[in-house]
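What follows is the residue order along each chain.
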Amino acid sequence: MKVFVTREIPDIGFELFKKAKINFEWHKKDSPVSRRQLLINVKECDGLICLLTERIDREVIDTMKNCRIISNFAVGYNNIDVDYAKSKNIIVTNTPDVLTESTADLTMALVLACARRISEGEKYLKDGKYKSWKPKLLVGMELRNKMFGILGAGRIGTAVSLRAKAFGTKIIYRSLNKNLSLEEQTGAKKVDLNFLLRHSDILSVHLPLNEHTYHLLNKQKLQLLKKNSIIINTARGEIIEEQYLIELLKTGKVRAAGLDVFENEPYVNPALLKLQNVVVLPHLGSATVEARNGMAELAAKNVIRVLQGKRPLTPV
Ligand code: GLV
């Protein structure tokens, strides 16, 4: 049995393979595995742990001779052709739950950074511009009593709502299903997409990327955003039609954006980098020791269980 891991992951994952006496190897360079190398490695492997940087499409799946499980080291799995894998009897798994709290924390960090102009303030100070305290210096927005809009009230959207509630916001959400537990815990109200966009002072995106959510926030929808609102995206960049968001940020219709993900990641549109009212991060949602260890453990356990003929813990 052999497992290929497309990047070094926290030791806890590798330790589990050792304990289970499963051979494994991983791509040791500090850059994503090349397509050529990926195709070579997946050919003989029995299990694969991959990241969102790898496109596991028909070509990759067709190259697999023995692979029984594709274990994504991420909760999102838009990088994998899941239907095709399933048609070839290959199980696909992801890493839900273990990164929920970390991603929700980072979302709030972006909310606060945008509302209180943290990046602008830090740059101002580091540029040597802070000469005196003044009443109108970098004045931002208080969160209390603001309308906090959650687009996608799944695990992460719910965890963000609980945090937002603690800041005294009122919560509205748009989700396919009613989230009763969220409503009970926060008093959140379910609304439709247009209402959410028109009324949110802060809009936070927590949807998976798929054919229904690609460019869900297109030009027409983005124009509905409330004047002076803040938009946060810690989900997937392709959900927002970025060029139109940039226009709204330039004209000041949207107050600020906090973006952990981008439409053509890792490429970031230079226009975004020039805007003062944008806070950008290199996809750090799950970047805590706790979450990354949890992801490594879960991704490895899924592989081990399937190779031992058991059911995976978190199939998609
Ligand atoms: C990260 O973006 C993930 O989907 O886990």
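See the structure above.
Residues numbered from 1 in each chain as written. Predicted model: local features only at pLDDT ≥ 70, side-chain atom pairs only at ≥ 80, totals over all residues. Heavy atoms only, no water.

J.: What's the story with the site of the ligand in this structure? I'm lost.
T.: As a structural note, the neighbourhood of the ligand is formed by Leu52, Ala74, Val75, Gly76, Leu99, Arg236 and His283. One of the backbone nitrogen or oxygen atoms of Gly76 is found 2.8 Å away from an oxygen atom of the ligand. In this structure, an oxygen atom belonging to the ligand sits 2.6 Å away from a side-chain N or O atom of His283. Considered on its own, the ligand offers 200 Å² of accessible surface; in the complex 88% of this is hidden by protein. (Near = heavy atom within 4 Å. Polar contact = N/O pair within 3.5 Å; in protein donor to acceptor, adjacent residues only side chain to side chain. Areas by Shrake-Rupley, 256 points an atom, 1.4 Å probe, with all protein chains shown as cover.)

J.: Help me understand the sheet that holds strand E4 (residues 69-72), please; the structure alone is not making it clear to me.
T.: Strand pairing within a sheet occurs via backbone hydrogen bonds; the two strands may be parallel or antiparallel. Strand order across the open sheet formed by five strands is E2-E1-E3-E4-E5, with parallel pairing between neighbours. If you trace the sheet from one side to the other, it starts and ends with strand E2 (23-26) and strand E5 (91-93), each paired once. Between one strand axis and the next, the sheet turns through 15 degrees on average, direction left out of account. Relative to E5, E4 runs parallel, the two sharing three bridges. Directly across from Ile70, in E5, lies its bridge partner Val92. On the sheet, helix H13 (residues 289-307) packs against strand E1 (2-5), strand E3 (47-50), E4 and E5 and is oriented at approximately 170 degrees with respect to E4. (Pairing = 2+ DSSP bridges. Helix = DSSP H or I, 4+ residues; strand = E, 2+ residues; numbered from the N terminus. Axes fitted to C-alpha atoms, helices over the stretch in contact; angles between N-to-C directions. Contact = heavy atoms within 4.5 Å.)

J.: Honestly, a nonpolar patch on the surface in this entry has me stumped. Any pointers?
T.: Taken together, the side chains of Leu125, Tyr130 and Trp133 make up a nonpolar region of the molecular surface, amounting to roughly 410 Å² of accessible area. Inspection of the secondary structure puts Leu125 in helix H6 (residues 118-126). (Patch = residues over 30% accessible without salt bridge, like charges linked within 9 Å, V, L, I, M, F, W, Y side chains within 5 Å. Salt bridge = Lys/Arg side-chain N within 4 Å of Asp/Glu carboxyl O.)

J.: Hey, could you run me through the packing of aromatic side chains in this one?
T.: The geometry of two aromatic rings is summed up by the distance between their centres and the angle between their planes. On inspection of all chains with the given rule, the structure shows four aromatic pairs. Aromatic side chains Phe14 and Trp26 sit 4.5 Å apart centroid to centroid with 25 degrees between the ring planes, which places their arrangement in the stacked category. Here Trp26 lies in strand E2 and Phe14 lies in helix H1 (residues 11-19), a separation of 12 residues in the sequence. For Phe14, a relative accessible area of 5% translates into the label buried. Here the aromatic rings of Phe24 and Trp26 are separated by 6.0 Å at their centres, their planes lie at 20 degrees, and the arrangement is stacked. Cluster of aromatic residues (ring-pair linked, three or more members): Phe14, Phe17, Phe24 and Trp26. Sitting over the face of the ring of Trp26, Lys28 holds its NZ or CZ atom 4.2 Å from the ring centroid. (Phe/Tyr/Trp six-rings, centres within 6.5 Å; stacked < 30°, edge-to-face > 60°. Buried < 20%, exposed > 50% of the residue type's maximum accessible area, 1.4 Å probe, protein only. Lys NZ or Arg CZ within 6 Å of the ring centre and 35° of its normal.)

J.: Explain the environment of Met147 here, please?
T.: Counting through the fold element by element, Met147 comes out in strand E6 (residues 147-151). In this structure, the C-alpha to C-alpha distance between Met147 and Asp201, residues 54 residues apart in sequence, is 5.1 Å. Setting aside anything within four residues of it in sequence, one finds Met147 in contact with Lys170, Ile172, His199, Ser200, Asp201 and Ile202.

J.: Would you mind showing me how to read the pattern of salt bridges here?
T.: When the charged atoms of two side chains lie near each other, side chains of opposite charge can form a pair. As enumerated under the stated definition, the model contains 18 salt bridges in all. Across the pair Glu15 and Lys18 runs a salt bridge whose closest N-O atoms are separated by 3.4 Å. Linking Glu15 with Lys18, this pair stays in helix H1, spanning three residues, or about one helical turn. When the shortest N-O distance is used, the salt bridge between Glu122 and Lys126 registers 3.2 Å. One end of the pair, Glu122, and the other, Lys126, are both in helix H6, four residues apart, so they sit about a helical turn from each other. Glu122 gets classed as partly exposed once you look at its relative accessible area, which sits at 46%. Residue class for Lys126 comes out exposed when judged on its relative accessible area of 63%.

J.: Which parts of the structure should I look at to understand the sheet that holds strand E7 (residues 170-174)?
T.: With parallel pairing, seven strands are arranged side by side in an open sheet as E8-E7-E6-E9-E10-E11-E12. Where the open sheet ends on each side, the last strands, each with one partner, are strand E8 (189-190) and strand E12 (278-280). Bridge count for E6 against strand E9 (residues 202-205) is four bridges, and the pairing is parallel. From the neighbouring strand, Gly149 faces E9, where its bridge partner is Leu203. Sitting on the sheet, helix H5 (residues 100-115) touches E6, E9, strand E10 (229-233), strand E11 (254-259) and E12, and the angle it makes with E10 is about 150 degrees. This element, helix H7 (residues 155-166), spans E6 and E7 of the sheet and lies at about 170 degrees to E6.

J.: Help me out: how do you make sense of H7 in this one?
T.: With 12 residues, H7 should cover 16 Å at 1.5 Å per step; its first-to-last C-alpha distance of 17 Å lies within 8% of that length. Looking at H7, one finds that the buried residues are Ile156, Gly157, Thr158, Ala159, Val160, Ser161, Arg163 and Ala164. In the core, the buried residues of H7 are packed alongside H5, E6, E7 and helix H8 (180-186). One or two steps after H7, the chain reaches Gly168, where phi turns positive at roughly 85 degrees. (Expected span 1.5 Å × (residues − 1).)

J.: How should the nonpolar core be read in this particular structure?
T.: In globular proteins that are soluble, nonpolar side chains generally tend to be buried together. Core analysis: the biggest nonpolar cluster contains 47 residues, and Phe17, Ile49, Phe73, Phe148, Ile202 and Ile230 have the highest contact counts within it. Among the secondary structure elements, those contributing two or more residues to this core are E1, H1, H5, E6, H7, E7, E10 and H13. Excluding residues within four positions of it along the chain, Ile230 makes contact with Cys114, Ala115, Met141, Asp201, Ile202, Leu203, Arg255 and Ala256. Among the nonpolar cores identified, the runner-up in size contains 31 residues, and Leu151, Val205, Leu217 and Leu249 belong to it. (Core = buried A, V, L, I, M, F, W, Y, C linked by side-chain atoms within 4.5 Å.)

As far as function goes, none of this settles anything; it's purely spatial.
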